[in-house]
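Here are the chains, one letter per residue:
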Amino acid sequence: MRCLLVAGWLILLSFSAHGVIETYQFDNDVQRARYHHFIEELRCPKCQNQNLSGSDSAISKDLRRQIHQMIMDDKSDIEITQYMVARYGDFILYRPQFNAATAVLWLTPLGLLLLGLLVWWRMATRRAKPTLSSDEALSVTEQQRLKDLLDEENSASKDGDNK
């Protein structure tokens, strides 16, 4: 039993030995910071919702290598971002720029919030019980008619119960 546990533990530990750690050389800390900023802020085109630093897909590896090369070629942040958007679309950005194509992404949460506030306001105003003013009170004739109708209903239900 002990041998099986040790063997299982060794097998689990061996999976981490297959992971590849990419190491890129930079000339200074500013380049390293820019690189890490880009791989955290850009989304993997293949993965659903992972950034480039958290993805092991082949395209993410290629994009990390491309970003490193562009940083080493002294490309500006704007040039790198424009290249990525031109090649992969606004999807690659976690925070896409506001334009006609991405307006729905930016405005939908605001619209849903306003709709929720409107629904809440309508429900809150309906719950408030209206009080009858003296002008809306039933007249003596209307009160007598209501009493007669209720008495008829009560006597009809009693007759139905006796049968």
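Definitions and cut-offs
- Residues numbered from 1 in each chain as written.
- Predicted model: local features only at pLDDT ≥ 70, side-chain atom pairs only at ≥ 80, totals over all residues.
- Heavy atoms only, no water.
- Helix = DSSP H or I, 4+ residues; strand = E, 2+ residues; numbered from the N terminus.
- Areas by Shrake-Rupley, 256 points an atom, 1.4 Å probe, with all protein chains shown as cover.
- Axes fitted to C-alpha atoms, helices over the stretch in contact; angles between N-to-C directions.
- Left-handed = near helix turned anticlockwise from the far one by under 90°.
- Contact = heavy atoms within 4.5 Å.
- Nonpolar A, V, L, I, M, F, W, Y, C, P; charged D, E, K, R; others polar.
- pLDDT = per-residue confidence, 0-100.
- Expected span 1.5 Å × (residues − 1).
- Buried < 20%, exposed > 50% of the residue type's maximum accessible area, 1.4 Å probe, protein only.
- Arc of directions from axis to C-beta.
- Polar contact = N/O pair within 3.5 Å; in protein donor to acceptor, adjacent residues only side chain to side chain.

Caption draft 1: Representation of the overall build of the protein chain within the structure. The helix and strand inventory of the protein chain stands at six helices and zero strands. In the protein chain, the succession of helices and strands from N to C terminus is α-α-α-α-α-α. Here the protein chain has roughly 13300 Å² of accessible surface; of this, 60% comes from carbon and sulfur atoms.

Caption draft 2: Representation of the packing of helix H2 (residues 29-41) against helix H3 (residues 58-72). At a minimum axis distance of 10 Å, the contact between H2 and H3 shows a crossing angle of 145°. Considering how the two elements wind past one another, H2 and H3 form a crossing that is right-handed. When H2 is examined against H3, the residues Gln 31, Arg 34, Tyr 35, Phe 38 and Ile 39 are found in contact with a partner set consisting of Arg 64, Ile 67, His 68, Ile 71 and Met 72. Within the contact of H2 with H3, the residues separate by chemical class into six nonpolar, two polar and two charged.

Caption draft 3: Seen up close, the confidence of the model for the protein chain. Looking at the protein chain, pLDDT values average 82 and 84% of them are 70 or higher. Predicted confidence in the protein chain is weakest over helix H1 (residues 2-17), with a mean pLDDT of 67, and strongest over H3, with 92.

Caption draft 4: Broad picture of helix H4 (residues 77-88). Taking 1.5 Å as the rise per residue, H4 with 12 residues should run 16 Å; its terminal C-alpha atoms sit 16 Å apart, in good agreement. Among the residues making up H4, those that are buried are Ile 80, Thr 81 and Met 84. Taken around the axis of H4, the buried residues stretch over an arc of 95°, which confines them to a single face. Among the exposed residues of H4, those oriented more than 90 degrees off its buried face are Ile 78, Gln 82 and Ala 86. Contact partners of the buried residues in H4: H2 and H3. Count one or two residues on from H4 and you reach Gly 89, which has phi positive near 85°.

Caption draft 5: Inspection of H3 at higher detail. An ideal rise of 1.5 Å per residue puts 21 Å on 15 residues; H3 measures up with 21 Å between its terminal C-alpha atoms. Listing the buried residues of H3 in full gives Ser 60, Leu 63, Arg 64, Ile 67, His 68, Met 70 and Ile 71. Looking straight down H3, one finds that the buried residues subtend no more than 165° of arc, so they occupy a single side. Taken together, the buried residues of H3 touch H2 and H4. Looking at the residues trailing H3, positive phi occurs at Asp 74, about 60°.

Caption draft 6: Representation of the side chain of Arg 64. The residue Arg 64 is located in helix H3 in this model. Looking at Arg 64, the relative accessible area reads 6%, which means it is buried. Here Leu 52 takes part through its backbone oxygen, which lies 2.3 Å from a polar atom of the side chain of Arg 64.

Caption draft 7: Spotlight on the environment of Lys 46. Its location among the elements puts Lys 46 in the loop between H2 and H3. With 11 residues separating them in the primary sequence, Lys 46 and Ser 57 have C-alpha atoms 7.4 Å apart. Ignoring any residue separated from it by four or fewer positions in sequence, one finds Lys 46 in contact with Ser 57 and Ile 59.

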